[in-house]
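Listed here are the chains, written in short residue letters.
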Amino acid sequence: ARLIEALGVADVAGDDGASRGPRVVVGAKGVSPLHSLINARQEMFDNVYWHHTNRACMAMLLRAVQDALIAGAIAPADLARHDDVSLLAALGDPAMPGSTRRLTAALRERRVHKRAVEVGARAREIYGRLGNLWFDPEARRQVEVGMARALAAELGREVPPEAILIDIPKPERWRTDVWVRFDRPPIGFRPLMPWKDVVGLEDADFKRYEEHRRLIRIVAAAPVRDAVAARWEGLLL
């Protein structure tokens, strides 16, 4: 409520002095509530959106849909018509490919893939190479299938092609293009200032936090999780 009450409209100017037109701005009393909102959003990523169980379920669902699309068992336009229940029902249809049906059954029965490996941003080369797979889902799938095939060869037994998945959270864009308006600016401040000049935090600071908290995971079906954890580097590289 304090943040909403602190919102207003003002004509702002860029660094060159040219008008950027009317913009929504936040008053001085809204600085702290806005900062709290940004922190809350980061905590939601930490504790909800990027929670390892949530992310494993997402990786399973994405791969189930991807395999169904590749097999031509479902059309892209059909996906937007589904809710959670109807999508799982559709993916469990006997006409779907085996990997899709197995992943769907596992989701229904709460047999969620387990964390085998977590890769952080400080592992720069491998983190970067894995992160790039987010932009190429087919390449990511090929790596997953290749790892399952390699593990089957090492163990001397069958490993389903969907048993090993790579979870890559979407790279987030942190933009705080916000202006702060002071009715009585402190000495050294101006009546209208960019957010970063008021609080000393820039987009790069929020991005840096995200990159250090955003983990890329290799998740695996429970029967092969320990084997993947012990052999992941050879399987992946």
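Please read all numbers here as calculations on a predicted model, not as lab measurements.

**Student:** Is there a simple way to think about the overall build of the protein chain in this case?
**Tutor:** Within the protein chain, the secondary structure is distributed over 11 helices and 7 strands. Since a compact globule built from 237 residues should have a radius of gyration of about 18 Å, the 23 Å found for the protein chain marks it as more spread out than a globular shape. When the backbone C-alpha atoms are referred to their principal axes, the protein chain occupies close to 75 × 40 × 30 Å. In the protein chain, which comprises 237 residues, the proportion classed as buried is 39%. Accessible surface, the protein chain as shown: approximately 13,900 Å² in total, 53% of it carbon and sulfur.

**Student:** Any chance you could explain the nonpolar core here in plain terms?
**Tutor:** Side chains of nonpolar character tend, in soluble globular proteins, to be buried together. Counting residues in hydrophobic clusters, the biggest one holds 25 residues, and the most contacted among them are Leu130, Leu151, Val159, Ile216, Ile218, Val224 and Val228. Elements with a minimum of two residues in this core: strand E3 (114-119), helix H7 (124-132), helix H8 (137-155), strand E4 (164-167), strand E7 (216-220) and helix H11 (222-236). Among residues more than four places away in sequence, those in contact with Leu151 are Val159, Ile164, Val224, Ala227, Val228, Arg231 and Leu235.

**Student:** Where do I start with the sheet that holds E3 in this structure?
**Tutor:** Whenever strands of a sheet pair, they do so through backbone hydrogen bonds, lying parallel or antiparallel. The strand order E3-E7-E4 describes an open sheet built from 3 strands, whose pairing is antiparallel. Both outer strands of the open sheet, E3 and E4, are each paired with one neighbouring strand and no more. Pairs of neighbouring strands in the sheet enclose a mean axial angle of 20 degrees, with direction left out of account. Note: E4 against E7, 4 bridges, orientation antiparallel. By the bridge assignment for E7, Asp167 is matched with Arg217.

**Student:** Whenever I open this one, unusual backbone geometry confuses me. Can you help?
**Tutor:** Backbone phi values are negative for most residues with the exception of glycine, while trans is the configuration of most peptide bonds. Positive phi, close to 60 degrees, is recorded for Arg110, a residue that is not glycine. Topologically, Arg110 is positioned in the loop between helix H6 (98-108) and E3.

**Student:** Explanation requested: the packing of aromatic side chains in the structure shown.
**Tutor:** For any pair of aromatic rings, the description consists of the separation of the ring centres together with the inter-plane angle of the planes. Summed over the entire model, instances satisfying the criterion amount to 4 aromatic pairs. Residues Trp134 and Phe135 carry aromatic rings whose centres are separated by 5.1 Å and whose planes lie at 85 degrees to one another, so their mutual orientation is edge-to-face. A ring pair is formed by Phe182 and Phe189, whose centres lie 5.4 Å apart and whose planes are at 85 degrees; its orientation type is edge-to-face. Look at Phe189 and you get partly exposed, because its relative accessible area is 32%. Among the aromatic residues, those joined into a ring-pair cluster are Phe45, Tyr49 and Trp50.

**Student:** Got a minute to help me understand the sheet that holds strand E6 (residues 192-194) in this structure?
**Tutor:** An order of E1-E2-E5-E6 is seen for the 4 strands of this open sheet, with the pairing classed as mixed. Each edge of the sheet is formed by a strand with only one pairing partner; in this case those strands are strand E1 (7-13) and E6. Within this sheet the neighbouring strands show an average axis-to-axis angle of 45 degrees, counted without direction.

**Student:** Looking at this model, I keep getting lost on the packing of H8 against H11. Mind explaining?
**Tutor:** A pair of packed helices is characterised by two quantities: the angle between their axes and the separation of those axes. At a closest axis distance of 10 Å, the pairing of H8 and H11 adopts a crossing angle of 110 degrees. Regarding the angle of H8 to H11, the classification is roughly perpendicular. The segment H8 lies against H11, with Val143, Met147, Ala150, Leu151, Glu154 and Leu155 engaging Val224, Ala227, Val228, Arg231, Trp232, Leu235 and Leu236. Taken together, the residues that form the contact of H8 with H11 break down as 11 nonpolar, no polar and 2 charged.

**Student:** How do you make sense of the pattern of salt bridges when you look at a structure like this?
**Tutor:** Taken as a whole and assessed by the stated rule, the structure comprises 17 salt bridges. Measuring nitrogen to oxygen at the nearest pair gives 3.0 Å for the salt bridge that ties Arg63 to Asp67. A residue pair is termed a helical-turn pair when its members lie 3 or 4 positions apart in one helix, as Arg63 and Asp67 do in helix H3 (residues 52-70) at 4 residues.

**Student:** Would you mind going over H6 with me for this structure?
**Tutor:** In an α-helix, one turn spans 3.6 residues, which is why side chains three or four residues apart end up on the same side. Those residues of H6 lying buried are Ser99, Thr100, Leu103, Thr104, Ala106 and Leu107. Projected down its long axis, H6 carries its buried residues within an arc of 160 degrees, all on one side. In this structure, the buried side of H6 is in contact with H3, helix H5 (84-91) and E4.

**Student:** Even after reading the chapter, I still don't get the environment of Val24, so can you show me in this structure?
**Tutor:** The topology assignment puts Val24 in strand E2 (residues 19-27). Separated by 16 residues in the primary sequence, Val24 and Gly8 have C-alpha atoms spaced 5.6 Å apart. What Val24 contacts, discounting residues up to four positions off in sequence, is Leu7 and Gly8.

Cut-offs used in this document
Residues numbered from 1 in each chain as written. Predicted model: local features only at pLDDT ≥ 70, side-chain atom pairs only at ≥ 80, totals over all residues. Heavy atoms only, no water. Helix = DSSP H or I, 4+ residues; strand = E, 2+ residues; numbered from the N terminus. Rg over C-alpha atoms; globule rule 2.2 N^0.38 Å. Buried < 20%, exposed > 50% of the residue type's maximum accessible area, 1.4 Å probe, protein only. Areas by Shrake-Rupley, 256 points an atom, 1.4 Å probe, with all protein chains shown as cover. Core = buried A, V, L, I, M, F, W, Y, C linked by side-chain atoms within 4.5 Å. Contact = heavy atoms within 4.5 Å. Pairing = 2+ DSSP bridges. Axes fitted to C-alpha atoms, helices over the stretch in contact; angles between N-to-C directions. Phe/Tyr/Trp six-rings, centres within 6.5 Å; stacked < 30°, edge-to-face > 60°. Parallel < 35°, antiparallel > 145°, perpendicular 65-115°, else oblique. Nonpolar A, V, L, I, M, F, W, Y, C, P; charged D, E, K, R; others polar. Salt bridge = Lys/Arg side-chain N within 4 Å of Asp/Glu carboxyl O. Arc of directions from axis to C-beta.

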